[in-house]
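Observations on chain architecture
Letter by letter, the chains look like this.
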Amino acid sequence: MVFLEKLSLFNMNHFRRLYNRSEDAYSCDKSFFEIYDDESFVVKYIIRKQIRLFRVNSEYVGYIWYEYPSYNGFSNIYSIYLKDEYIHLINSKILSFFNASAFRFDMLANSKASFIMKKLNFDVNSNNILMKIRTSNIKNNFCENRIFFKHFKEGQDEELRCRIQNSVFNEKNRVPLTIEDIYREEEEDYYIKDFGVFICNNNGRVVGYGQIIFNRGFYTIVNLGILEEYRKHGYGELLVRYLIDLCYRNSIKTVYIRVEKNNLKALSLYTKIGFREYQSFISWYKKIN
């Protein structure tokens, strides 16, 4: 049987050895210890709460690095590792020990951790490509009289953004965005002030939205979308180009964007603009009963 054990100063060396053996399945420019070793004693204590070690009898055989569950119980897994000879011992019951209602894990497509995900009964949520572009490769001139751009203002545009995003991403299984969600996002470390942008037509109508966040070490375009009735008119391309130019003007050298492999229209657009594939990864999802 595999047991879970909290990370502490007493078992830290065991974790270090396990971490050095595992592959980097987490799309991040910093490892756990690059983050942990530079922090204060208090912050280190908080970060250690994100780690659970897998133990069989007296042997430490793996670990899980996860995000502490949010207000709705959702948690991202950052990395997971288990020695090959012990994978057969785990099952989804072990997840019941976490205070989470659902887990998601974005994993490199060729990662061995896929065997662990299958044993834990995770489902493949999507196959994705992370694409990147050098901002210096794009030179733009936004003098077209049919569009203009409006930057998101905190305390003023939350309702507008909420309405636009819920219209753009009106999918059957998607939980609608709330104004409270946006306020909470504004407090997150990944949020960048003045990097949310509305695109408007020449009548002043907001027709889409997109933003840049700094997450997992990458400046990434997220929440990008155009209202359905304004699609196929070039607004999406103009908004992406503006966001890239915004990064260039703020000395950000590289920008990333994530797209599902089967979204051929988006892949074609991003390739046309100049994005190239950086990583291929799989999103796994598990709802805890």
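A short tour of the structure in this document, coming up. (Residues numbered from 1 in each chain as written. Predicted model: local features only at pLDDT ≥ 70, side-chain atom pairs only at ≥ 80, totals over all residues. Heavy atoms only, no water.)

Some words on the packing of aromatic side chains
Throughout the structure, instances matching the rule amount to 24 aromatic pairs. Summarising the aromatic geometry, the rings of Trp65 and Tyr78 are spaced 5.2 Å apart at their centres and angled 75° between planes, so their arrangement reads as edge-to-face. Remark: Tyr78 occurs in strand 4 (residues 74-82) and Trp65 occurs in strand 3 (residues 59-66); sequence separation between them is 13 residues. For Tyr78, a relative accessible area of 15% puts it in the buried group. When the centroid spacing of 6.3 Å and the interplanar angle of 80° are considered together, the rings of Tyr230 and Tyr235 count as edge-to-face. Each member of the pair, Tyr230 together with Tyr235, is buried. By way of ring pairs, the aromatic residues Phe15, Tyr19, Phe32, Phe33, Tyr36, Tyr63, Trp65, Tyr78 and Tyr81 are connected into one cluster. Seen from the ring of Tyr242, Arg249 lies directly overhead, with NZ or CZ sitting 5.6 Å from the centre. (Phe/Tyr/Trp six-rings, centres within 6.5 Å; stacked < 30°, edge-to-face > 60°. Helix = DSSP H or I, 4+ residues; strand = E, 2+ residues; numbered from the N terminus. Buried < 20%, exposed > 50% of the residue type's maximum accessible area, 1.4 Å probe, protein only. Lys NZ or Arg CZ within 6 Å of the ring centre and 35° of its normal.)

Let's talk about the packing of helix 7 (residues 235-249) against helix 8 (residues 264-273)
At a minimum axis separation of 11 Å, helix 7 and helix 8 run at an interaxial angle of 45°. Comparing their axes, helix 8 and helix 7 come out oblique. Along this stretch, helix 7 crosses helix 8, giving a crossing that reads as right-handed. Judged by residue contacts, Gly236, Glu237, Val240, Arg241 and Ile244 of helix 7 engage Leu269, Tyr270, Lys272 and Ile273 from helix 8. (Axes fitted to C-alpha atoms, helices over the stretch in contact; angles between N-to-C directions. Parallel < 35°, antiparallel > 145°, perpendicular 65-115°, else oblique. Left-handed = near helix turned anticlockwise from the far one by under 90°. Contact = heavy atoms within 4.5 Å.)

Notes on the pattern of salt bridges
Tallied over the entire structure, the rule returns 12 salt bridges. For Asp106, the salt bridge is made with Arg258, and the minimal N-O distance between the two is 2.9 Å. Taken together, the residues span a long stretch of sequence, with Asp106 in strand 5 (residues 102-108) and Arg258 in strand 11 (residues 254-260) at a distance of 152 residues. Since its relative accessible area comes to 3%, Asp106 is described here as buried. Accessibility expressed as a relative area gives 36% for Arg258, which makes it partly exposed. Within this structure, Glu237, Arg241 and Lys272 form a network of salt bridges that share partners. (Salt bridge = Lys/Arg side-chain N within 4 Å of Asp/Glu carboxyl O.)

Looking at the nonpolar core
Counting 46 residues, the largest nonpolar core has Met131, Ile199, Ile212, Ile221, Ile244, Tyr270 and Phe275 as its most contacted members. Setting aside chain neighbours within four positions, we find Ile244 in contact with Ile133, Thr135, Ile138, Ile221, Ile273 and Phe275. Tyr66, Leu95, Phe98 and Phe122 belong to the second-largest nonpolar core, a separate cluster that totals 27 residues. (Core = buried A, V, L, I, M, F, W, Y, C linked by side-chain atoms within 4.5 Å.)

Let's talk about unusual backbone geometry
For Asn223, which is not a glycine, the phi torsion comes out positive at approximately 55°. Checked against the element boundaries, Asn223 lands in strand 10 (residues 218-226). Under the relative-accessibility criterion, Asn223 is labelled partly exposed at 26%. Even without being glycine, Ser251 reaches a positive phi, approximately 60°. Classification of Ser251 as exposed rests on a relative accessible area of 64%.

With respect to the pairing of strand 10
Two strands pair when backbone bridges link them, and strand 9 (residues 206-215) and strand 10 are joined in this way by 7 bridges, in the antiparallel orientation. Within the sheet, the bridge partner assigned to Asn215 lies in strand 10 and is Phe218. Remark: 2 residues form the turn of the hairpin made by strand 9 and strand 10, two consecutive strands paired antiparallel; Arg216 in that turn has positive phi of roughly 55°. One ladder, built from 2 bridges, connects strand 10 with strand 11; its direction is parallel. Across the sheet, the residue bridging to Thr220 is Tyr256, located in strand 11. (Pairing = 2+ DSSP bridges.)

Here's the deal with helix 1 (residues 12-21)
Regarding helix 1, the residues found buried are Met12, Phe15, Leu18 and Tyr19. Viewed end-on, helix 1 has its buried residues packed into an arc of 120°, placing them on one side of the element. The outward face of helix 1, more than 90 degrees from its buried face, is lined by the exposed residues Asn13, Asn20 and Arg21. On its buried face, helix 1 is in contact with helix 2 (32-36), helix 3 (41-48), strand 2 (51-56), strand 3 and strand 4. (Arc of directions from axis to C-beta.)

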